[in-house]
Amino acid sequence: MPDIINSPTIITAAGNKPKQIEEFIGLVNSNNKDVSIAKMTSPGGWIEPGQTPEFDEYTIVLKGMIKVETRNESFEIHTGQAIVTKKGEWVRYSTPDENGAEYVSICVPAFSMNIVHRDEGI
């Protein structure tokens, strides 16, 4: 039997500015530990602490551009593009453009503060 998700749960985001996270599927909104799916609305100039998560993250940009940094490279992901980051690899997300960005993030397994392993600061 299908499960209908009537609305997301709004979650507080890490970073230097307020970012809206709408979790539709995941530990918080649907008690799903296998996957989390959330829509992000991020303001211009937002940056989060780096992290070394225990999950793969699949990100699709709906509007704007996100910057994704690894230890060795930096990527600008624009509207209609996607990026996959792998568990165990350090990564940091930001939205440097003044208009910010909207994007969907899918984490496997589901995002959890216990497995994100954020850097100190910000």
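These lines cover the structure that appears in this document, whether it is placed above or below. (Residues numbered from 1 in each chain as written. Predicted model: local features only at pLDDT ≥ 70, side-chain atom pairs only at ≥ 80, totals over all residues. Heavy atoms only, no water.)

Turning our eyes to something else, we now look at the side chain of Ser36. Turning to its location among the elements, Ser36 is positioned in strand β3 (residues 36-42). For Ser36, a relative accessible area of 5% gives the class buried. At a separation of 3.0 Å, a polar atom in the side chain of Ser36 contacts the main-chain amide nitrogen of Phe111. Residues contacting Ser36, with those up to four places away along its chain left out, are Glu23, Ile25, Gly26, Ser105, Ile106, Cys107, Ala110 and Phe111. (Helix = DSSP H or I, 4+ residues; strand = E, 2+ residues; numbered from the N terminus. Buried < 20%, exposed > 50% of the residue type's maximum accessible area, 1.4 Å probe, protein only. Polar contact = N/O pair within 3.5 Å; in protein donor to acceptor, adjacent residues only side chain to side chain. Contact = heavy atoms within 4.5 Å.)

We now examine the side chain of Thr59. By secondary structure assignment, the location of Thr59 is in strand β5 (residues 56-70). Judged by relative accessible area, which is 1%, Thr59 ranks as buried. Among residues more than four places away in sequence, those in contact with Thr59 are Ile66, Gln81, Ala82, Ile83, Tyr93, Tyr103, Val104 and Ser105.

A contiguous nonpolar surface patch, about 220 Å² in accessible area, is contributed by Tyr58, Val84 and Val108. The topology assignment puts Val84 in strand β7 (residues 82-85). (Patch = residues over 30% accessible without salt bridge, like charges linked within 9 Å, V, L, I, M, F, W, Y side chains within 5 Å. Areas by Shrake-Rupley, 256 points an atom, 1.4 Å probe, with all protein chains shown as cover. Salt bridge = Lys/Arg side-chain N within 4 Å of Asp/Glu carboxyl O.)

The residue Pro96 is located in the loop between β8 (91-95) and β9 (101-108) in this model. Residues Pro96 and Gly45 lie 51 residues apart in sequence; the distance between their C-alpha atoms is 4.5 Å. For Pro96, the contacting residues outside a window of four places in its chain are Gly45, Met65 and Lys67.

Ile66, Val68, Ile77, Tyr93 and Tyr103 are the most contacted members of the largest nonpolar core, which totals 14 residues. Contributing elements (two or more residues each) for this core: β3, β5, β8 and β9. A total of three residues in this core trace back to one element, the largest contributor, which is β5. Not counting residues within four places of it along the chain, the set of residues in contact with Ile66 comprises Thr59, Val61, Phe75, Glu76, Ile77, Tyr93, Ser94, Thr95, Ala101 and Tyr103. (Core = buried A, V, L, I, M, F, W, Y, C linked by side-chain atoms within 4.5 Å.)

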